[in-house]
Amino acid sequence: MNQNTSSNDSPLATAVVIGRAGSKGLPRKHVRLVDGVPMIARSVGHALAARRVGRVLCSTDGEAIAAAASAVGAEILLRPAALASDHATVDAGVRHAIEASGDHADVVVILYGSIPIRPEDLIDRAIARLVDTGADSVQSYSPVGKHHPFWTCRLDGDGRIAAWQDNDVFRRQDLPPAFIPDGGVIAVRRESLFRIDPERPHAFLGTDRRGVLNELGTVIDVDDEIDLLVAEAILERRRRAHATSVHAGAGS
């Protein structure tokens, strides 16, 4: 979308897809093919498909990442070396992209380029909640599933176990609801994004922080080969299901 406002006349957000070249867990992960498409390109595509996004930027220090993102429609902002190290923060890279592009959007959407699978409506849901509630930021969360904090423990050097949190819950259905940020999206107001506090790394998220919930497994964050295999399997299954549906429809 290249319009200035969405269908309900609210200002459109600017999305910044981030992809650093120096991945340690899965080298060159942002340009690894996931069901035939570079991973970074899938996040760019998600941003372009969102109704409430009007501009899509890609912040990176990698030439191959830049080429893959540009090929599908992103504007490229190359990071300086100071923002490309292991210690560089996400918000610093996003602020650089916003400033270097001369963008003035009131809402900024941050998308990790290592997430090839996210719900189709996720970006729009996050922006809508940000706008409707007046919050400083909105992140997406998923249920923790079987890795619940009640069943997490500490293990010392002698193998002694201590519960992370004392409880007597032994059945999964009795566990209290718990959620974890899944990385699918961060929507943040511009004034919050540019709020910098060296003592508080997450100061850019503001004080009024909200969430949107995804079903377990609907966001895949690729950090290693196992995550990549899972993403490949899901996308291949979707493609086959679509092909079967089209074929069935053509024969009716």
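Residues numbered from 1 in each chain as written. Predicted model: local features only at pLDDT ≥ 70, side-chain atom pairs only at ≥ 80, totals over all residues. Heavy atoms only, no water.

A. Representation of the pattern of salt bridges within the structure. Enumeration over the complete set of coordinates arrives at 16 salt bridges. Across the salt bridge formed by Arg55 and Glu75, the nearest N and O atoms sit 2.8 Å from each other. Within this pair, whereas Arg55 is found in strand S4 (residues 53–60), its partner Glu75 is found in strand S5 (residues 75–78), the two being separated by 20 residues in sequence. Residue Glu75 is classed as partly exposed on the basis of its relative accessible area of 34%. One salt bridge in this structure joins Asp174 and Arg171, with 2.9 Å as the shortest N-O distance. The exposure class of Asp174 is partly exposed, given its relative accessible area of 40%. Ionic contacts of the salt-bridge type, sharing partners, join the residues Arg20, Lys24 and Asp86 into one network. (Salt bridge = Lys/Arg side-chain N within 4 Å of Asp/Glu carboxyl O. Helix = DSSP H or I, 4+ residues; strand = E, 2+ residues; numbered from the N terminus. Buried < 20%, exposed > 50% of the residue type's maximum accessible area, 1.4 Å probe, protein only.)

B. Spatial organisation of the environment of Val34. Here Val34 lies in strand S2 (residues 33–34). Separated by 195 residues in the primary sequence, Val34 and Leu229 have C-alpha atoms spaced 8.7 Å apart. Once you skip the residues sitting within four places of it in the chain, Val34 turns out to touch Met39, Arg42, Pro116, Leu228, Ala231, Glu232 and Leu235. (Contact = heavy atoms within 4.5 Å.)

C. Seen up close, unusual backbone geometry. One non-glycine residue, Arg28, adopts positive backbone phi at about 60 degrees. Tracing the sequence through the fold places Arg28 in the loop between strand S1 (13–19) and S2. For Arg28, a relative accessible area of 53% puts it in the exposed group. Not every positive phi belongs to a glycine, and Asp35 is a case in point at roughly 55 degrees. Residue placement: Asp35 occurs in the loop between S2 and strand S3 (37–38).

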